[in-house]
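Summary of structural features
What follows is the residue order along each chain.
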Amino acid sequence: MSTVTSLKVLSEREDRYVEGHRLCAGCAEPIIARQILMATEKPVVVSNATGCFEVSSSIYPFTSWNVPWIHSAFENAAATISGVEAAYLSLKRQGKITEDIRFITFGGDGATYDIGFQAISGAIERGHRFMYVCLNNEAYMNTGIQRSGATSRGAQTTTCPAGTCIPGKREFPKDLTKIIIAHDLPYAAQASPHNYKDMIEKSAKGFEANGPAFLNVISPCPRGWRHDSAKTIEIAKLAVETCVWPLYEFERGEWRLTGESLRIAEGSRQKLPVSDWLKSQGRFGHLTKEKWKFVADEIQANVDSKWQELLRLCKH
Amino acid sequence: MEKVAMNGDQVIALAWKQIDPDVVAAYPITPQTIIVEAFSEYVADGLVNTEYVCAESEHSAMSMCIGASASGARTATATASAGLAFMWEMLYIASGMRLPIVMAVANRALSGPINIHCDHSDAMGARDSGWIQIFGENVQEAYDNSIMAFRIAEHMDLRLPTMTCLDGFIVTHSLERFEPLPDEVVKKFVGPFKYKRSLLDVKNPTTFGPFDWTDFYFEHKYQQVDAMRHVIPVMEQVQDDFAKVSGRRYNIIEPYRLDDADYAVVAMGSTAGTLKDIVDELRAEGKKVGSIKLRLFRPFPAQELAKILQGLKGVAILDRAVSIGASGPLFPEVRSALYDAKDRPKLKNYIYGLGGRDIKPEELKHVYKQLIYNEGELVNFLGVRA
């Protein structure tokens, strides 16, 4: 796998997603997408759910896409790519296409955890050969930072504001990666853009999984998370170091920790307190109040219990 | 060819088998189910090259059709009722992306209350979606429309998705003798699939489905409007070509015994067939009546219809759907078409058969009687217990 992530090799690959897009300064999404698209040399076809990433990359008559790309709606990117892959199989069988193409879908957490979940589940069950990448910024950022099924407990959004009675979102996020793994698909993983090597290696495995693959990538959003746009990568790293967002993969039935998460499990790296994560972002700012300290404690307890469960699954 | 007995759903599956689309993505719903079941048997026996995808919902079925069609694949699907309603968002996207998807719609009432039987509420709900809408009367027409639809949708001047409607149960589940065409005739008639751009052309990457601001959306919508203006001549040409290979002549509007008629009734779907029998009976009694079968609803052939209807004394428009709070959906379109006509007939609207309620010969005779004696309201309901 080392050649896959050699910076020299990567720097020589063509850019598949290029300048001119209108994403915010400090947005993690273009960083993630560019790196993932470098993980294969095979031609790729991309489908995209409605969201920040879609709307910012394809404002007619401009496009940031140097590869074939399709957007049709919000909740159906996995279904759209299913149809593309079906066409590919049919035309290839008939000898009308000769290239060996890889298929990839990008969707935000709203498109993935919430409105598009059915389409993803259906596409995985049917066994289409594609990799679904969730650009997880933990809320509906494109419409102005509303709560999603991926939003953290205690985070404030524009539909779960921190009020005097309710301290932001009341529920813990859905553990979507595990729900996807329950489909018993060939490959699934969690990744973070701060560890490009880990993310690209996982992407390469996903592209070659010979069946459905799923990559859930934490994607800091300076606007929605209320952090300095220069701190995006630092904050993504903090998510991993606090075990809020463990790096792991599920490959043909085997669970495996990777990157910093593996080192934390092995004891060669310190597991940081969740309070470091909470104080790095304005969306959790209200949790420093004495009144809401119990929420921060509950988040820490939840992270710990999920981490213990993951250690058990990964046989540590 | 020799006539065989099949139902309306089976003949659509047969037409697809003969056409051999590259992709079929569909979800089962009564009364469309037999189409996808019968077609899956052709797939299971290796009789087609089609990649057949069993979707997990109609929304995904249409989304897959969009992905497949954008990928340069000839694509077909079928649905009904709630399934079409669930596709609604994607119908507009399919037409907005100018993808020539062909879809059979087994017309069925919309919930609630839930009901599985025939009316046209489903298709009427999709009338503004930018799809060509063709209505068939019987099993033969369901088959013939399914073949012609590919030629119409895929015509390079149009590139518009096309739905062929057939009455749920009345046509979908009725066994009728019909005449199929030989496989090679169908294949030659439909021809190979052509496209301008394909998503799978990795050497010439194309961005499909970009975002339009206020500076382009209106123009792109207008292009759809403009393409729709070319449908009628294309459909007439396809019907002419079809007559040559099949001996069966179709028109977008089909008048029956109208030449010297004073009164006529307009209908879409299977009721247009029943009307012909009623006309024959009333003609035998010396009444100067005729009927009109409307095969094309979108685009609406307003001028063509006005030419046929002007000069009549009275015309009743049968609607197997209702726009609650207004009238039947077909009625105002016909009325509007006649506004500038020289010699306008009196017009009445009859809403009938909702949720599969049988339309009886006596009820249709009653409509003619009311036309002749100028009775009834502007909007009337046939066979409903008030």
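**A look at the domain arrangement of chain B**
All names here are of chain B.
- Structurally, chain B comprises domain 1 (4-245) and domain 2 (253-381).
- Computed over C-alpha atoms, the centres of domain 1 and domain 2 are 28 Å apart.
- Between domain 1 and domain 2, the contact holds 28 residues from the first and 24 residues from the second.
- Around 2,100 Å² of area is buried between domain 1 and domain 2 when both sides are counted, 56% of it from carbon and sulfur atoms.
- At the junction of domain 1 and domain 2, the tally comes to 5 salt bridges.
- A salt bridge links E137 to K293; the shortest N-O distance between them is 2.8 Å.

**A short note on the interface of chain B and chain A**
- On the chain A side, the residues contacting the 41 residues of chain B number 45 residues.
- Contact between chain B and chain A buries roughly 3,100 Å² in total, counting both sides, with carbon and sulfur atoms accounting for 63%.
- For the chain B face of the interface with chain A, the top three residues by lost area are L200, V202 and F211 of chain B, together amounting to 19%.
- Seen at the junction of chain B and chain A, the total is 3 salt bridges.
- The partner of E99 of chain A in a salt bridge is K203 of chain B, and the shortest N-O contact between them spans 2.8 Å.
- Here chain B and chain A share 17 residue pairs in polar contact (both at pLDDT 80 or more) between them.
- Sorting the residues of the side of chain B that touches chain A by element identifies strand 3 (51-54), helix 3 (58-70), helix 4 (81-96) and strand 9 (207-208) of chain B as the ones contributing at least two each.

**Comments concerning the pairing of strand 1 (residues 44-48) of chain A**
Residues and elements named next belong to chain A.
- Taken across its 5 residues, strand 1 has 5 buried, putting it largely inside the fold.
- With burial as the criterion, each face of strand 1 is covered, one bearing V44, V46 and N48 and the other bearing V45 and S47.
- Summarising the sheet, strand 1 and strand 3 (residues 102-108) pair through 5 bridges and their orientation is parallel. The residue of strand 3 that forms the bridge with V45 is F103.
- Where strand 1 lies against strand 2 (residues 69-71), 3 bridges are found, and the strand directions are parallel. In the strand pairing of strand 2, V46 is matched with W69.
- With helix 3 (residues 52-57) bridging strand 1 and the parallel strand 2, this β-α-β connection has right-handed handedness.

Cut-offs used in this document
- Residues numbered from 1 in each chain as written.
- Chains lettered and ligands numbered in written order.
- Predicted model: local features only at pLDDT ≥ 70, side-chain atom pairs only at ≥ 80, totals over all residues.
- Heavy atoms only, no water.
- Domains from an automatic or database assignment.
- Contact = heavy atoms within 4.5 Å.
- Buried area = accessible area lost by both parts, 1.4 Å probe.
- Salt bridge = Lys/Arg side-chain N within 4 Å of Asp/Glu carboxyl O.
- Polar contact = N/O pair within 3.5 Å; in protein donor to acceptor, adjacent residues only side chain to side chain.
- Helix = DSSP H or I, 4+ residues; strand = E, 2+ residues; numbered from the N terminus.
- Buried < 20%, exposed > 50% of the residue type's maximum accessible area, 1.4 Å probe, protein only.
- Pairing = 2+ DSSP bridges.
- Right-handed = clockwise from strand over helix to strand, strands pointing away.

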